[in-house]
Amino acid sequence: MSGNGATQAKVLRLDAKDNVLVALTDLRKGENLSYLEDEYLLLSDVPAKHKFLTQDVDAGGDIIMYGVLVGTTIESLRRGDLLSTRNIRHAAATFHETETAGPRWTPPNVSAWADKTFLGYHRDDGQVGSRNYWLVLPLVFCENRNLAVLKQAFEEELGFAAPQIYRSQVAELARLYREGKSDELKKVAFGETQRASASPKVFQNIDGIKFLLHEAGCGGTHEDARNLCGLLAGYIHHPNVAGATVLSLGCQHAQVPMLLEEIKRRDPNFKKRVLIYEQQKSPSEAAMMTKAIRETFLAMVEADKIMRQPAPLSKLTLGLQCGGSDGFSGLSANPAIGHVSDIVAALGGIGILSEFPELCGVEQQLIDRCVRREVADRFAHLMRDYAARAKAVRASFEMNPSPGNIRDGLLTDAMKSAGAAKKGGTSPVTAAVDYPEYCTEPGLNLQCTPGSDVESVSAQVGAGANVILFTTGLGTPTGNPIAPVLKISTNSNLAQRMADIIDIDTGGIITGETSIEQMGERILERVIQVASGEARTKAELLAQDDFIPWKRGVSL
């Protein structure tokens, strides 16, 4: 398991300073284990992905994993004891700003990648998209019904509608019922064939028309309205978007001038077509909808004229995301995409590491990697501000791990964070950005988002990510409307059990069949195929178009 310490068939120490070992397979009470010339007697069963102590620890003592503080003991524990939420609690190291002259970093050898390209859509502002979408969005939830009407009309008539397999199943049940064959309803067998789209594809160079339904835009704070407009502006500015149709009611907090201002912040020379329709200024709903349909169709005719052209890998912006994490996440999939991030950073591309509640306890490591003092200060300020917002509503980062995380070995937020940070590799941190700012600085960018999967992915794409690398140990059916999401499993059991949602299996790292670096290179090869339109992700095939703006109140 190159890049993560020595490996054995059954257990693993992640850092020389650790006082825990990770079980790579189920271990039994009373079992004697040999690891790095030491012998360990297990005092209880240790399920795969969980940890046991390598030394006695008094009550209140530190638990060290990945070389950092991840918890303290509630009671005195012995060498060989299983760690659980009953005997340890969350604890994380404090952090402070430092005078930094910039980190020392030896980048990976990228000679094999320097001349490689992907086929992308080149935009006037210099960005390159991995997809070519027309976007339709509401400025306020009041327009969602109109969006739904447009969605059905455009997708079905332009050949973008998803196959209607479940609609076919309902139709078959309805037919049997109408024919009086009620006894067959419980035993009818449905085939695997899917009904084709309603119409043949009209536009050959457009990947689809996407609709960003949401429940925001009014009834919240001015900050919420501004953040929503910023996020939507990021999607309109995104290289995967050719242009946009915007529906506004008129009286909401998220006003049209606010959206246009946020677009100009991201590109003062913005040139894409943005069609805006305000219902309260229209003679009727039907008149507005008819005009929107005609003008959107004509704009898509123009968008269809752009074609894929070669682009260097420096034009990749990768969202580095995890969801449904497990005790193997920080050992396999996360460091594997961290290696991808390092390669792309060395080539001049961008990696976006988000989910600030899942960076708790590793702040100092990231601060020490910042290229400039102002970057470190911004990151520290954003972390403290987020923690203060959580405290104001009687919450904290330690509430982040889900029941599934805990069940599969991530017992504290700091333990989860130490593994989650591996997604960012080892490259210098070049920027720290707040939500919903846009990422433009080559290298690793730290972006303030919640740990919530969909909110975080939505934010990363709004910041410019044209491909998302999403690691999961438990299985998460998450995608995005405009950016392809590659789902990467931490273990082979998951990849086999949920093959319909998993694109890449990194379980070979756990078994020792492959290294982190080798797996990272395989992932990058797939990224190039996906970015070039030569392959579609499982999330795209399943039409997993998840989009949730972050209501900044607090989301953990």
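That block above? That's the structure.
Throughout what follows, the structure given in this document is the object of discussion. Per chain, residue numbering runs from 1 following the sequence as it is written. The model is predicted, so local features are restricted to residues of pLDDT at least 70 and side-chain atom pairs to those at 80 or more, both for listing and for counting; the totals for chains, interfaces and linings are taken over all residues. Excluded from the side-chain calculations are hydrogens and water; all other atoms, namely the structure's heavy atoms, are used.

**Examining the side chain of serine 248**
Then, in step 1: Here serine 248 lies in strand E13 (residues 241-248).
Then, in step 2: Accessibility expressed as a relative area gives 0% for serine 248, which makes it buried.
Then, in step 3: Any pair of nitrogen or oxygen atoms within 3.5 Å is treated as a polar contact; in protein, a donor-acceptor pairing is required on top of that, and neighbouring residues in sequence qualify only through side-chain atoms on both sides. In this structure the side chain of serine 248 is engaged in a polar contact, spanning 2.8 Å, whose partner is the side chain of glutamine 252.
Then, in step 4: Throughout, a residue-residue contact means that at least one pair of heavy atoms, one from each residue, lies within 4.5 Å. Excluding its chain neighbours within four sequence positions, the residues that come into contact with serine 248 are Leu139, Glu143, Val256, Tyr277, Glu278 and Gln279. The way it works is that DSSP assigns letters per residue, a run of H or I at least four long becomes a helix, a run of E at least two long becomes a strand, and they are numbered from the N terminus. Only protein chains enter the accessibility calculation, which uses a 1.4 Å probe. A residue is then buried if its area is under 20% of the maximum for its type, exposed if over 50%, and partly exposed in between.

**Some details on the layout of surface pockets**
One way to see where empty space is left: roll a probe the size of a water molecule over the atoms.
Then, in step 1: For each structure, a 1 Å grid was placed over the protein atoms alone; sets of points admitting a 1.4 Å probe that cannot get out are labelled cavities, open sets with protein on both sides within 12 Å along at least five of seven lines are labelled pockets, and lining residues have an atom within 4 Å of a point. Grid points are joined across faces, edges and corners, and a volume is the space filled by probe spheres set on the points. Reported here for the largest pocket is a volume of approximately 830 Å³.
Then, in step 2: Taken together, 36 residues form the lining of the largest pocket, with Ala162, Pro163, Glu540, Leu541 and Ala543 sitting closest to its centre.
Then, in step 3: Contributing elements (two or more residues each) for the lining of the largest pocket: helix H1 (144-158), helix H2 (165-178), strand E12 (208-211) and helix H15 (538-541).
Then, in step 4: When residue character is reported, Ala, Val, Leu, Ile, Met, Phe, Trp, Tyr, Cys and Pro are called nonpolar, Asp, Glu, Lys and Arg charged, and the others, Gly included, polar. A per-class count over the lining of the largest pocket returns 17 nonpolar, nine polar and 10 charged.

**Let's talk about the sheet that holds strand E7 (residues 68-73)**
Then, in step 1: The criterion for strand pairing is that DSSP finds at least two bridges linking the strands in question. Strand order across the open sheet formed by three strands is E6-E7-E8, with antiparallel pairing between neighbours. Of all strands in the sheet, those bounded by a partner on one side alone are strand E6 (62-65) and strand E8 (88-89).
Then, in step 2: Pairing geometry for E6 and E7, over four bridges, is antiparallel. Counterpart to aspartate 62 in the pairing with E7 is threonine 72.

**Thoughts on unusual backbone geometry**
Then, in step 1: Between tyrosine 435 and the following residue, proline 436, the backbone shows a cis peptide bond with an omega angle of 0°.
Then, in step 2: With respect to the secondary-structure elements, proline 436 resides in the loop between strand E18 (429-433) and strand E19 (443-447).
Then, in step 3: The phi torsion at arginine 394 lies on the positive side, around 60°, for a residue other than glycine.
Then, in step 4: Here arginine 394 shows up in the loop between helix H8 (373-392) and helix H9 (403-407).
Then, in step 5: Classification of arginine 394 as exposed rests on a relative accessible area of 82%.
Then, in step 6: With a phi angle near 55°, alanine 543 is a residue other than glycine that sits in the positive phi range.
Then, in step 7: Positionally, alanine 543 belongs in the segment after H15.

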